[in-house]
Each structure stands twice: as C-alpha cells, then as structure tokens.
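# Overview (structure and organization)
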Amino acid sequence: MSGWLSDFMNVPATYIHFTSWLQISVANLIVIGVMVALFIIAMFAPFPGSHSTDSQTSGDQS
Amino acid sequence: MSSHLKNETEPTMWTAKLRNSWQRNLPIDKLLPDTQPAYVASWIYIFGVLTIAAFGDIIVSGLILSFAGPAWYHTSSVGLFVNSLHFWGVQLFFVFMVVHLWGKFWMAAWRGRRFRTWLTGIAAFLASIGTAFTGYLIQTNFDSQWIAYEAKDGFNAVGIGAFFTPTNIGQIMLIHVALLPLVLGAITVWHVLLVRKNGVVPPIDAAPEGGN
Amino acid sequence: MKRSAQQNAFDSAPWTGRVRSYDIIKEGFIAILVVSILVVTFSLVFGSPDDKQLTFKGWAQTNPTNFYDTTVQELAGTSGSAGYGPPYNHASDGLNIGPLWLQKWAGVTHPVDVPNDLVITPLSSTVVPAQVATALATWKAATADQQTAWATAYDTAIAAVEGDYTIVDPGDYGPVPAIAQGLTDVAKSGSLDGLLLAGGNFFSTDNTKQILFFGDGAYLDDAATAANLQGNTWGMMNETGRYPGQAWLWLYSLWYQISPFTNEESAPLGSNADAYIMFVVLGLTGALAFAPIIPGLRSIPRRIPLHRLIWKNYYREENIPRRK
C-alpha cells in the first residue's frame, strides 16, 4: 500500500524561502507547526477532572 | 538459615542489598501508582507516555521490517505499508518527545533532585537521533545513498568515522537494529523509573508552608 | 539561604498534599491505542518516501562523459576520494580544530586504494575487450610515477576542454583513455555496482567504495540538488518528495547555512566546517543537558512564567501568587 495520497506526496516538495539563507519545506513547517500547536493546546486546554481533590474519575497523564 | 536471617536485617549479600534498596526507593505502589498529586492535571503531562507509545509502535513495525529484510519494502505493497508505519511512528515519536521536552523545560522539572531525570531524558533524545539517523542510512534507496555520502564527512572530521562508518551498511544495520533500540529502551526505562521514584515535580513556588 | 534550601527539600520530598486518582496502566493503554490509530491513518493516507536507489549503470548511461572524467580523476588522484585522507588513505591529514587533528589521529581504519580499488581491480575482475585488457596490462606493468604521469596529463587535458574528453589534444596518456572507456562500458552494462561492492567476494556488506566513487562525480550530487538535499540549503532536515524530514536536526543544520561555515575557502572555520560544527553542536547539546545547573539558563522557566498556565488550577485553588 503506497498511501492514498502517494501521488501527491511523491513529487518535488515546495519550499518556503524566508530569506536568502532561510528556507524550509512545507512538510517540515507543518510538523514544527503541529509541535507548537500541541504545546499551546496543552497549556490552555482544560484538563478533565482537574478540580478533583481526592478520588474522582481518573484523567490520563504521566 | 541463621545467616540468611541475618542478611535480611543487615545485608552484606549483593542480592539482598539490591532488593532492599529497590524496596526502599521504588516500592510497588510508587512503581504502579493509583494516585498523583493534585497538580498533575494538564495535557502537557501526556506527551511522555505518547512518546513511549510511539516507540512501541516503531519497535513492532521495525521487527516486521527486520524479519522481511531491508529491501522488502521496495517491491512489496505490504512492505511499503509497514515501512510507512515505521516512518510515521518516528515522525510522531519526535513530535511528542519535543513537546514533552518543551513542557519539562518550562516546568523546570529538574527541581528537587530531579537532575538525573532530566539528564536521562536528554540522553534518550540523543539516542533517538542516533537511532533515526542509522535508520535513514539503511533505507537502501537514494535517500540513504546521499545521507551516507554527506554524513561520513561530519563523523570523519572528528575521528568518529574511524569506527562508525555511515557507508558500511552492514555495520549500520546491526547498530540500528541490535544496539540502538536496546540503548534507547534502557535509557527510557531508567528515565521512567526515576520519575516514579522521585514523583512528579511540584509546581514552581508551591510553598513549603502552604498547599501541603 | 534558608528559603532555597527549604524549597529544594520541599520539592524533593514525597508529596503529602492533595491527590487525584490516576490509572497508569489505563493511561498507557489509551496512549498506545491513540498513537497506533494515528500511525496507521498517516500510513494509509500518505504512505512513505522511497526514491529509487541510483546506480552506476544509470550514471554511465545518462551522463557517460561525467562518469568517464571521474574515472580519470580517480586514476590521477584528483578526485575527492583520492585526496580525502583518513579514514580512507594518507593523501591528506584531514580537518583540524587548531592543534586537534582528530581525523588524522583516528587513523586510516578503512583503507581505500582509490585508483586500484575503484578502477583497476573492478575492471580486471570482469571480461573486457582486448584493447582494454592490453591497457590494463600496460598500466599494471608501469611504475607508479609513470601511471601518475599518464593519468595526470590526461586529467589536465580533459579539464582544459571542460570535461569533453572526445576533443582533448593528443598527448602521452598511455593506457588511461582505454581504461576509462573500458570502465564506462562496464558501468553502462550494469555490472560495476556488483564489482565494486563484492570485490570478488561472495558476501558484501560495505558500500564505502561505491559511495566514495559516486560522490566524486556529478550524478549523485545533481540528484541531491534536485531533491533539495544539499547541506547548504538545510538538506540535512529534508526528505525526498513532500514528506517531512528530520526537523529535529535544525540546530545542527543551521550552522551549515551561515558564514563563515558556508565558505570553504575561509580558514580556519570554513575550511574545517565539519569539524567545528560538530563541536558547536556538542557544546549546545551540553548546554541543554546541563541547563538545570547553568545560571541564567536555569532561571528562564521562572522568568517567563508559562508554568502559571500549566499549573493554573493548582495555583488558583491554593491561592499561590507568582514569586519573582
């Protein structure tokens, strides 16, 4: 299985040139954007059961 | 029998020392807790376990790839799918690990004698980079040809190339499959045991006099 | 003192405050489930990159002139591999960082005798036309100085006509043209890959000779440029196709984009960029590892209070103000 979008994926990538020396592929930019987004969401999103004091339903954290 | 009993109170045996130290530092209710401090309530806490989960997925797809051999996925559609599982497992692994690292940095999670936990985390990050790098080298495609050609210069420049040879696929394959996953796994186990032993770091400014 | 010591004791002591229930096994199970679903989904949708390997056959067929010229350079000792130094040969001392000659000190652990290993031996290990066999015999019977004189003269003549070996001025090139043509034909036929890899042996697990030869020519380099994989354009982070690459190498890749490391002529930093950058990255990694004990660095999390967001509920419930 080569992936439903493999025709779309297996062509030369698009690069964003911020300056003459700073360039990044769209795919890498998306991955870095996802990291930043996950971090921000993790900061702000309300965590279920975070008001429990002793023995409420478990949340999932490590 | 009497010497055995004596060892339990005042151990001189290595085995008894290890067992007693383990029981003292990491009793089973610390190892498998069913409660956590009330402050452990944020989505940032899930990225460590997500990283480990991705590592597990990588191990499984990697095992399938190693049984089928490194060139299987060039010609088999099932092979290409398993290669994709391995590839995306690695991408997610690094995404989760980086977010975990950011989170721990901004929590200053090394506080309260947790420096070793931080160090083992950094070691895991470095071992992961090495594991990923050797994986890229054994793709047996254009990418690995180019990476081998380019990367050799960096290692050669500082003498590492004398014993670690990116162009030697036999060596790199053994290191990628037999050595580095074990190293990374061992560091990860150590890291997690330290977290369980020391507990999750309290919030910055959580006051000794209050909130406790 | 007092407060910091007190705080450290508190931070390291077992927690005795409020707790919440927490199921570590269930958490692990859910994490594996969620991540596995993501991995399978991404694989089904996007697949994975697998640009076909390049071969000597492909090189010699698409760009025979470049292959031919590179063969002459291997014989003349002007190729990148021939002049590389450790760990392959003694042609140079390699890179250094001031008095540290790590590349030289590590020694020639992976010897590659460039003219023989890349050209003469492979060509001698296969069936070749009579004139090539004669040329090989002539080469082998000649002194090393004679070999070098022939190859250097031919290499210089080719360079003078910008690589087009078909129009070089006549000269005393000995058997070199016949050998170069012979190897080009062997490569075109597709048998050079195997000859370089196995070297007459049954088992073969080391591609060093192939990679070195490949890197000396334009074929691999051009393909890498086309795929945006060159180190001076952040290629270390990039992947073939539209797939994400190794974004986690950004800090290593960065140094290859900036002066003086981009200028090979600039001594000592540019001309030894590979060595210096390795140490720069080592230093930065050390800073990350020892951030907890580096003054300034370790205080950043307190100064920029993202922790007030992470533990917002706790701070509110316990009514703990931010301390500067």
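What this report covers is the structure whose coordinates are included nearby.

On to the overall build of chain A, then. Secondary structure summary: chain A contains two helices and two strands in total. Moving toward the C terminus, one meets the helices and strands of chain A in the order α-β-β-α. Only carbon and sulfur atoms are counted for the fraction: they give 71% of the accessible area of chain A, which is about 3,700 Å².

What follows is about the interface of chain A and chain C. Across the contact, 43 residues belong to chain A and 40 residues belong to chain C. Of the roughly 3,400 Å² buried where chain A meets chain C, counting both sides, 53% is carbon and sulfur surface. In this structure, the connection of chain A to chain C is made through zero salt bridges. Counting across the chain A and chain C interface gives 11 residue pairs in polar contact (both at pLDDT 80 or more). Mapped onto the side of chain A that touches chain C, the elements with two or more residues apiece are α1 (6-9), β2 (23-25) and α2 (26-44) of chain A. Class assignment for the residues of the side of chain A that touches chain C results in 21 nonpolar, 20 polar and two charged.

Under the counting rule described, the total for this entry stands at one cavity of 30 Å³ or more. The computed volume of the largest cavity comes to approximately 50 Å³. Taken together, 10 residues line the largest cavity, and the ones lying closest to its centre are Ala38, Tyr39 and Ala41 of chain B together with Asn313 and Tyr314 of chain C. Top element by residues in the lining of the largest cavity is helix α17 (residues 312-318) of chain C. It accounts for four residues. Looking at side-chain class alone, the lining of the largest cavity contains six nonpolar, two polar and two charged residues.

Conventions adopted
Residues numbered from 1 in each chain as written. Chains lettered and ligands numbered in written order. Predicted model: local features only at pLDDT ≥ 70, side-chain atom pairs only at ≥ 80, totals over all residues. Heavy atoms only, no water. Helix = DSSP H or I, 4+ residues; strand = E, 2+ residues; numbered from the N terminus. Areas by Shrake-Rupley, 256 points an atom, 1.4 Å probe, with all protein chains shown as cover. Contact = heavy atoms within 4.5 Å. Buried area = accessible area lost by both parts, 1.4 Å probe. Salt bridge = Lys/Arg side-chain N within 4 Å of Asp/Glu carboxyl O. Polar contact = N/O pair within 3.5 Å; in protein donor to acceptor, adjacent residues only side chain to side chain. Nonpolar A, V, L, I, M, F, W, Y, C, P; charged D, E, K, R; others polar. 1 Å grid on protein atoms, 1.4 Å probe; cavity = no way out; pocket = protein on both sides within 12 Å on 5 of 7 lines; lining within 4 Å. Points joined across faces, edges and corners; volume = space filled by probe spheres on them.

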